[in-house]
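A closer look at the structure
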Amino acid sequence: MSAESLENRIFEPSAEVKAKAAVPSMEAYHALCKQAETDYTGFWGGLANELLDWHKPFTQVLDESNAPFYRWFGDGELNVSYNCLDRHLETRGNKTAIIFEADDGSSSAVTYRELYHRVCKFANGLKSLNLNTGDRVVIYMPMGVEAVVAMQACARLGLIHSVVFGGFSAKSLIERIHDASARVIITCDGQFRGGKEMPLKPAVDEALQDADCACVEKVVVFKRTGGAVNWNPAREIWWHDLIAELSDECAPVFVNAEHPLFLLYTSGSTGKPKGVQHSSGGYLLHALNTMRWTFDIKDSDVFWCTADVGWITGHSYVAYGPLAAGCTQVVFEGVPTYPDASRFWKVIEKHKVSIFYTAPTAIRSLIKLGADLPKQHDLSSLRLLGSVGEPINPAAWLWYYETVGGSRCPIVDTFWQTETGGHVITPLPVTPLVAGSCTLPFPGLQMAVVDEAGKDVEWGTGGFLVIKKPWPSMIRTIWNDPERYKKSYFPEDLGGQLYLAGDGAIRDKHTGYFTIMGRIDDVLNVSGHRMGTMEIESALVGNPLVAEAAVVGKPHDIKGEAIVAYVVLKGTRPSGEEAKKIVAQLRDWVGKEIGPIAKPDDIRFGDNLPKTRSGKIMRRLLRTLAKGEEITADISTLENPAILDQFKQVH
Ligand code: 6R9
């Protein structure tokens, strides 16, 4: 089928899907949207009362008096961990909460009751470190039950966690520890990935040598690999020693609904990552409600979200949403390609996964490595598929739909962001699907596409994606930087009232379906990982060899986008073997400064960057060059056109 005809094809849900779904029809979907429109606070307040257990009920749903610093359920009190664990004990105590699938293929199960006790015990451990409600704790751990336990234990005590993805370097860790003034770090000796043992603690050791990390008093280390570690007994304590003598009961600390549940650092348009602050009540409500309406979660489901807890998807759809919903979920330590490219399909078959949620980049790489492999496995347990993190191209969508889902499972292409807390545009299982479109707003979310002045554009015309009204799981502020929060998300140009998502979007002329056109700022999306071009540029210019650098993205078959860096060295422009050597050095450098995921795929050298006469780097030209396309744009304002030829050369 040609791409064009595929984009016009509509995939209707089967009668079986309709019969079972929580939102059973498009009429029901529209009725929910209508209900939210006519009584916005009644809609959200009703859900919050229905779905969450409140210690102290709220009387006000939404407080807009200090907009855009909105408060939701602001005089209510609850505990997130209580809502994820305690309330299931009576009815689901013996139900499996987590099936842990380890890198080596072994697996184990933890029931809700066991998880509850593990969380309580570890929370008592954290308590013994004299932490106070509101203190920050950095979690730097690989995927595993303990990462979830650590997050839930923080939530139980009202400690604010900040999970740092295990793939980030010591430098990135320093920045995040310092910004959050973390008092405790929870980490592991090492991790297993793709059959290899990789140390993790050395990055923490390195970070803590930096004066910026003087705030850290204790490091708790979970023993995962048993590998050798350096040890500072004054500061460090093994997880198992910390909890050895402690009780496995720990009363939850009830907090205000607005109490920050966590910070999660993400990339923006500047070199400094933003500490996105989420609430307890509103955040959990949406994590749970999207489990119900988007994923149609049932008690009999086995849910598997492949995202790492280092990203927002792993927060909402591993650590919180599935547990709040009381479902059984798979937590996967490994990588999709180990021991071979059928690992995902084996895990689905082995644990009878019914809802599978992954990223387009994984799908594309698995198509390349073995498009027929899913057929060798019994995937009949699947009933719903999900996609997240970046646009899914129609060809990959179709393969996912037919080959993985057997043409029977709807694909929910969920558009959302670290800042939105949960899905904001997504099909529900009953939504007629179009490959490559995330379709329609989640009920209650007032999504729109506007022009530079903040005015709605017509369907069929592209513009900025915005959200017109506050919603419960929205970012509350940027930690330490409320001004940046206002400027980044509620810009005055658009009137100061609209939440600016940072993506371009277009609605289909006939259906009103949304298609996301990618970021409008200097944020790249590489393999579903969000990265700021400025962060990579700052890392590059931090290298003693580099005078100046500009980073852009270029389309990539598997990763979605690849990183291209244009570099001006302090010395002369290198060529041949020397250029290759410096490319390797700079890649390693960026790996150490930020993390391996930020290493440029392509580094090119020139005597200068292409700039306008006013000194602006012409990034559009650099993007064209990156794609290997001819430059047709007018370059008469360019200070130094000759260097464009230099930058065509790939080393
Ligand atoms: C959840 C998550 C957010 C950015 C977002 C957009 C892109 C995410 C998408 C998608 C098209 C989807 N994005 N989901 N683009 N279709 N279904 O990924 O959060 O890491 O903060 O990234 O990812 O560009 O603005 P985050």
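Residues numbered from 1 in each chain as written. Predicted model: local features only at pLDDT ≥ 70, side-chain atom pairs only at ≥ 80, totals over all residues. Heavy atoms only, no water.

- As recorded in an unreviewed UniProt entry, the chain goes by the name Acetyl-coenzyme A synthetase, listed as coming from Pseudomethylobacillus aquaticus.
- Note on the chain: under the UniProt heading Catalytic activity (unreviewed entry), the record states "acetate + ATP + CoA = acetyl-CoA + AMP + diphosphate".
- Quoted straight from UniProt, the Sequence similarities (unreviewed entry) entry for the chain says "Belongs to the ATP-dependent AMP-binding enzyme family." (UniProt positions renumbered as here; feature names shortened; annotations may be inferred.)

1. Focus on the domain arrangement of the chain
- Segmentation of the chain into domains returns domain 1 (12-335 + 415-504) and domain 2 (527-647).
- Contacts between the two partners involve 18 residues from domain 1, matched on the other side by 14 residues from domain 2.
- Here domain 1 and domain 2 share an interface that buries about 1100 Å² over both sides, 46% of which is from carbon and sulfur atoms.
- If you look at where domain 1 meets domain 2, you find 2 salt bridges. (Domains from an automatic or database assignment. Contact = heavy atoms within 4.5 Å. Buried area = accessible area lost by both parts, 1.4 Å probe. Salt bridge = Lys/Arg side-chain N within 4 Å of Asp/Glu carboxyl O.)

2. Here's the deal with the site of the ligand
- Within the structure, the ligand sits among 17 residues, and Asp413, Thr418, Asp503, Arg519 and Arg530 are positioned closest to it.
- Backbone polar atom of Thr414 to a nitrogen atom of the ligand: 2.8 Å apart, as the coordinates give it.
- Contact between the ligand and Arg530: an oxygen atom at 2.7 Å from a side-chain N or O atom of the residue.
- Contact with the protein chains covers 95% of the free accessible surface of the ligand, which is 530 Å².
- Class assignment for the residues of the shell around the ligand results in 6 nonpolar, 6 polar and 5 charged. (Near = heavy atom within 4 Å. Polar contact = N/O pair within 3.5 Å; in protein donor to acceptor, adjacent residues only side chain to side chain. Areas by Shrake-Rupley, 256 points an atom, 1.4 Å probe, with all protein chains shown as cover. Nonpolar A, V, L, I, M, F, W, Y, C, P; charged D, E, K, R; others polar.)

3. What to know about the side chain of Asp296
- As for its placement among the helices and strands, Asp296 is situated in the loop between α12 (281-293) and β16 (302-305).
- At a separation of 2.6 Å, a polar atom in the side chain of Asp296 contacts the main-chain amide nitrogen of Ala22.
- Within the local environment of Asp296, its side chain forms a polar contact with the side chain of Lys298, the two groups lying 2.9 Å apart.
- Not counting chain neighbours up to four residues away, the residues in contact with Asp296 comprise Lys20, Ala21, Ala22, Met291, Asp301, Arg383 and Pro429. (Helix = DSSP H or I, 4+ residues; strand = E, 2+ residues; numbered from the N terminus.)

4. Some words on the UniProt feature "binding site: CoA" (unreviewed entry) in the chain
- According to UniProt, the positions carrying the feature "binding site: CoA" (unreviewed entry) are Arg193, Gly194, Gly195, Lys196, Thr313 and Ser527. These annotated residues cover 335 residues of sequence, and their C-alpha atoms reach 24.9 Å apart at the extreme, placing them across more than a single site.
- Tracing the backbone shows Lys196 in strand β10 (residues 196-199).
- Using a relative accessible area of 55% as the deciding quantity, one classes Lys196 as exposed.
- If we ignore the near neighbours within four places in the chain, the residues touching Lys196 are Asp103 and Gln191. (Buried < 20%, exposed > 50% of the residue type's maximum accessible area, 1.4 Å probe, protein only.)

5. Notes on the packing of aromatic side chains
- Counted according to the given criterion, the structure contains 43 aromatic pairs.
- On the numbers, 6.0 Å between centres and 65 degrees between planes, the contact of Trp345 with Trp399 is edge-to-face. With a gap of 54 residues between them, Trp345 in helix α14 (residues 343-351) and Trp399 in helix α16 (residues 394-404) connect regions that are remote in the sequence.
- The class of Trp399 is buried, set by a relative accessible area of 10%.
- Taken together, the aromatic side chains of Tyr40, Phe43, Trp44, Trp54, Phe58, Trp72, Phe73, Trp293 and Phe442 make up a single cluster linked through ring pairs.
- In this structure, Lys223 packs its charged tip against the face of Trp238, placed 4.8 Å from the ring centre.
- In this arrangement the basic side chain of Lys469 is found over the ring face of Tyr40, its NZ or CZ atom lying 4.5 Å from the centre. (Phe/Tyr/Trp six-rings, centres within 6.5 Å; stacked < 30°, edge-to-face > 60°. Lys NZ or Arg CZ within 6 Å of the ring centre and 35° of its normal.)

6. Thoughts on the environment of Gln446
- Within the secondary structure, Gln446 is located in the loop between β20 (411-414) and β21 (447-450).
- Separated by 24 residues in the primary sequence, Gln446 and Pro470 have C-alpha atoms spaced 8.5 Å apart.
- Those residues in contact with Gln446 that sit more than four places away from it in its chain are Glu37, Tyr40, Val466, Ile467, Lys468 and Lys469.
- Looking at Gln446, its side chain comes within polar contact range of the main-chain oxygen of Gly444, at 3.2 Å.

7. Remarks on the sheet that holds strand β8 (residues 184-188)
- Pairing within the open sheet is mixed, and its 8 strands lie in the order β12-β11-β8-β6-β7-β14-β15-β23. Only two strands of the sheet have a single neighbouring strand rather than two, namely β12 (236-238) and β23 (477-478).
- Lying on the sheet, helix α10 (residues 201-208) is in contact with β6 (136-140), β8, β11 (218-222) and β12; it crosses β8 at an angle near 150 degrees. (Pairing = 2+ DSSP bridges. Axes fitted to C-alpha atoms, helices over the stretch in contact; angles between N-to-C directions.)

8. Re the pattern of salt bridges
- Taken as a whole, this structure holds 36 salt bridges when the rule is applied.
- Close ionic contact of Arg224 with Glu333 constitutes a salt bridge, the shortest N to O distance being 2.8 Å. Pair noted here: Arg224 is in the loop between β11 and β12 and Glu333 is in the loop between β17 (328-332) and α14, with a separation of 109 residues, a long-range link.
- You can call Arg224 partly exposed: its relative accessible area is 27%.
- With its nearest N and O atoms 3.8 Å apart, the salt bridge here joins Asp588 to Lys599.

9. So, unusual backbone geometry
- In the segment running from Ala67 into Pro68, the intervening peptide bond is cis, with an omega of 0 degrees.
- Here Pro68 lies in the loop between β1 (62-63) and β2 (71-72).
- Cis geometry is adopted by the peptide bond preceding Pro339, which originates at Tyr338 and carries an omega value of 0 degrees.
- The residue Pro339 is located in the loop between β17 and α14 in this model.
- The phi torsion at Thr439 lies on the positive side, around 65 degrees, for a residue other than glycine.
- Secondary-structure assignment places Thr439 in the loop between β20 and β21.
- The class for Thr439 is buried, based on a relative accessible area of 0%.

10. Focus: the state of the cysteines
- Counted according to the given criterion, the structure contains 0 disulfides.
- Of all cysteine sulfurs in the structure, the one in Cys327 sits closest to Cys84, which takes part in no disulfide; the separation is 11 Å.
- Left without a disulfide partner, Cys409 is nearest to the cysteine sulfur of Cys327, which lies 17 Å away. (Disulfide = S-S within 2.5 Å.)

11. As for the environment of Glu50
- Assignment of secondary structure puts Glu50 in helix α4 (residues 40-51).
- Here the side chain of Glu50 touches Arg292 through a polar contact of 3.3 Å, side chain to side chain.

12. Considerations on the pairing of strand β24 (residues 499-507)
- The buried fraction of β24 is high, at 8 of 9 residues.
- Where strand β22 (residues 463-467) meets β24, 4 bridges bridge the pair, whose relative direction is antiparallel. Opposite Ile467, over in β24, you have Tyr499 as the bridge partner.
- Hairpin remark: β24 followed by strand β25 (residues 514-519), antiparallel, with 6 residues in the connecting loop; positive phi at Gly512, about 75 degrees.

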